[in-house]
Protein chains: 2
Amino acid sequence: MKKVVVIGSGNVAEAIAKAIVRTPEYVLTQIYARNHTEGPRLAAQLACPYAGEPKELAQADIYLICVSDRAIGPLSRSLDFGNGIVAHTAGSVELSALAPNIPHRAVLYPLQTFTKGRPVDFSSVPFFIEASDPSSLDTIGKLARSLSANVREASSKQRAIIHLAAVFANNFTNHMYSLAEQILHDADTPFDVLGPLIYETARKAVESGSPRAAQTGPAIRNDFQTKTKQRDLLTAHPELEKIYTNLSNSIWETSKKI
Amino acid sequence: MKKVVVIGSGNVAEAIAKAIVRTPEYVLTQIYARNHTEGPRLAAQLACPYAGEPKELAQADIYLICVSDRAIGPLSRSLDFGNGIVAHTAGSVELSALAPNIPHRAVLYPLQTFTKGRPVDFSSVPFFIEASDPSSLDTIGKLARSLSANVREASSKQRAIIHLAAVFANNFTNHMYSLAEQILHDADTPFDVLGPLIYETARKAVESGSPRAAQTGPAIRNDFQTKTKQRDLLTAHPELEKIYTNLSNSIWETSKKI
């Protein structure tokens, strides 16, 4: 059984640590976290030792750094990982952010959004891996495949692009839901009426394999009459009107590309 | 059993006609459609009579007009509905678009996106109803409740706002998926890697009841470093860079509103 230390106590640390505990091939040796409230809480939840000081870091085969993007570099320089493989889990941080004196460096990026208290089915989550050397790639690849059936190699550059696509599919999509929520206030209508539409829109895009081909609505028909009526409804929300116009134009322009 | 005629042969007509056929209280008397290819095809599929000429329109208790927004008014003026209730099914068309000499006018708007060949579970689809008189409202309300457990009254103004919210939650959300699809091309990565993220983003928003409160990512953290890196990745796509900047700003502004 390989020993894994999870570093961090946020949403990603929690999700990954819980997934490690469920694998037969890996043991969660320690939760290491500078947050002396969340760290011990997560460790207790997983019945695993906790450490909060550099000298207490346990020896392990794999260290998974699950901290904020900016903390990855400094943290990697502040700890002694011995001969263990050190992997961060961030989409938009390069492999080279890890201290170059660490002999085995890697990335294990799960393409998913993690929320405290929401269970995650890792088996279908795509993992993107990268490493400083073939043996580290092999080791981190085995760990990834024990968590998920969907594992791919990606360079730091590719991973940054994939993470950017995820910002559109997650943050910007959620913002569209959020703007819809604001608009519904004007009709005294609760957000939950949009539930079936939101689910069907997601399913249709994923099942068809091409959201571009699945587009419908006034913008792709270039339906001036409806677009004018809809912009008129937004005169009290100039920011929303601007977004409406920009995205309607973008849908139309996208539809014309070959 | 009340008699229903469905007018039209597009996606909405197909979905609603199929749902009517499944109810015990209503009989689909006829598909009336000017499209002499799609109309007979849909009627045959439902084992129901077809008509394509005004004089052939069958007598019925309820006529459901499922045609394009612009065709609703002219069509309502071109047919003799006798004493039947005439309802259109469009989100952004006013009740008053129906010819005023029709004695019983109504709206039956299902808040969902319909796609040829994709089955729809109507039982959870929100229906918004409106009518010219209490007896028509009662009749159309009964039909709506036989199709769905989620039926509400909404004025034409409210319905237009709800439909606009649906444009954000469906067309604009799908456009975010579509832009993510374009971005992934740059990393030689297929769109399907985003499936689990897209589903989790949808579930999280709907289950939490407030996507605004559920927002995450670089924009809401106002993380300049990541935003700059991500804009740099989009220099080859100036339109996408503009959308990235506008939506990031909008997420940040929205987060500051009380």
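Residues numbered from 1 in each chain as written. Chains lettered and ligands numbered in written order. Predicted model: local features only at pLDDT ≥ 70, side-chain atom pairs only at ≥ 80, totals over all residues. Heavy atoms only, no water.

**Here's the deal with the pattern of salt bridges**
Okay, so step 1: Across all of its chains, the model carries 28 salt bridges over all chains by this definition.
Okay, so step 2: Linking aspartate 192 of chain B and arginine 152 of chain A is a salt bridge whose minimum nitrogen-to-oxygen distance equals 4.0 Å. Residue aspartate 192 of chain B is found in the loop between helix H5 (156–185) and helix H6 (195–208), and its partner arginine 152 of chain A is found in strand S8 (residues 151–153); the two belong to separate chains.
Okay, so step 3: According to the relative accessible area criterion, aspartate 192 of chain B is partly exposed, its value standing at 49%.
Okay, so step 4: One salt bridge connects arginine 221 of chain A with aspartate 223 of chain A, and the closest N-O pair in it is separated by 3.3 Å.
Okay, so step 5: Assessed through its relative accessible area of 5%, aspartate 223 of chain A is described here as buried.
Okay, so step 6: Through salt bridges that share partners, Glu14, Lys18, Glu38, Arg41 and Lys116 of chain A make up one connected network. (Salt bridge = Lys/Arg side-chain N within 4 Å of Asp/Glu carboxyl O. Helix = DSSP H or I, 4+ residues; strand = E, 2+ residues; numbered from the N terminus. Buried < 20%, exposed > 50% of the residue type's maximum accessible area, 1.4 Å probe, protein only.)

**Brief notes about the nonpolar core**
Okay, so step 1: In terms of nonpolar packing, the biggest core is built from 112 residues, with Phe168 and Leu194 of chain A together with Phe168 and Leu194 of chain B touching the most fellow members.
Okay, so step 2: Those residues in contact with leucine 194 of chain A that lie beyond four places of it in its chain are Ala180 and Leu184 of chain A together with Leu111, Ala165, Ala166 and Ala169 of chain B. (Core = buried A, V, L, I, M, F, W, Y, C linked by side-chain atoms within 4.5 Å. Contact = heavy atoms within 4.5 Å.)

**Remarks on the relation of the copies chain B and chain A**
Okay, so step 1: Note on the identical chains: chain B maps onto chain A by a rotation of 180° and an axial translation of 0.0 Å, with an RMSD of 0.0 Å. Taken together, the turn and the small shift mark the pair as related by a two-fold rotation axis. The rotation axis passes nearest to the C-alpha of threonine 173 of chain B in chain B, at a distance of 2.6 Å.
Okay, so step 2: With an isologous cut-off of 70% or more, the 100% of interface residues of chain B that recur at the interface of chain A puts this contact in the isologous class. (Least-squares fit on C-alpha atoms with pLDDT ≥ 70 in both.)

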